[in-house]
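What follows is each chain in one-letter form.
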Amino acid sequence: MMKKLLFFFTILFLASSTTMIAQDLSLYFHYKHIASGDTLLKYGDANAAEIVIDHLAVRNNTGKAMSIMVKRERLQMQEGASSQFCWGLCFPPDTEVSPTSRLIMAETASTSEEFSGHYLPNGIIGASYVRYTFYKETDENVSVSIVVKFLATPTGIAEEAMAGGSVSDVYPNPANNSISLKYQLTPEVDQAILKIFN
């Protein structure tokens, strides 16, 4: 009986310590928590200079500051396309691991501007998959990762995905301090960005 209890508590301790390590870091995309290992879709015109994934923040959930590195893995790339990333500084396409770390203080997150993943489609249509892993500089087991599906489309595909969706005129017009608008996205659109210029 004593051996069974000891075995049970050992398993319980190992399971809880593994869970604690997995929770030391977490990811936020546009300020919304995302699970480690999730896949994000980022699409753009194949003839654009680059398709960029940004507004991704890494949160240190521990009580101590942590130096965080980034590793990029090109899981599946369209032939002729390339990728690169920025982690504080921007690195050339042949850099797989950030040569420098970023210090993230206890119970805070990196800014959403510190990381960006850049996909250079070079006119090539199709999907490429890139994994970004953020890890503690002194312990790669303390990590979180995200896979980005970069989808380079012919000109006009994004507009076709919005067919059936709508965006109203801005009101009031003219406006002083705030505006309103109504919108409806199609089921094919799971992420959109609205830019308003004065």
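Above: the structure in question.
The rules behind these values
- Residues numbered from 1 in each chain as written.
- Predicted model: local features only at pLDDT ≥ 70, side-chain atom pairs only at ≥ 80, totals over all residues.
- Heavy atoms only, no water.
- Pairing = 2+ DSSP bridges.
- Helix = DSSP H or I, 4+ residues; strand = E, 2+ residues; numbered from the N terminus.
- Axes fitted to C-alpha atoms, helices over the stretch in contact; angles between N-to-C directions.
- Buried < 20%, exposed > 50% of the residue type's maximum accessible area, 1.4 Å probe, protein only.
- Contact = heavy atoms within 4.5 Å.

*Asks:* So what about the sheet that holds strand S13 (residues 139-153)? Which residues, and what values?
*Replies:* The five strands are arranged S3-S13-S12-S6-S9 in an open sheet whose pairing can be described as mixed. On the outer flanks of this sheet lie strand S3 (39-45) and strand S9 (102-104), each paired with one strand and no other. The mean angle between the axes of side-by-side strands here comes to 35°, regardless of whether they run parallel or antiparallel. Sheet topology note: the strand S6 (residues 66-76)/S9 ladder contains three bridges and is antiparallel. The residue of S9 that forms the bridge with Ile-68 is Arg-102.

*Asks:* How would you sum up the environment of Ile-68? Please name residues and give values.
*Replies:* For Ile-68, the location among the structural elements is in strand S6. Classification of Ile-68 as buried rests on a relative accessible area of 0%. A C-alpha to C-alpha distance of 5.1 Å links Ile-68 and Ser-101, two positions 33 residues apart in sequence. Excluding residues within four positions of it along the chain, Ile-68 makes contact with Leu-25, Trp-87, Ser-101, Arg-102, Ile-104, Phe-134, Tyr-135 and Lys-136.

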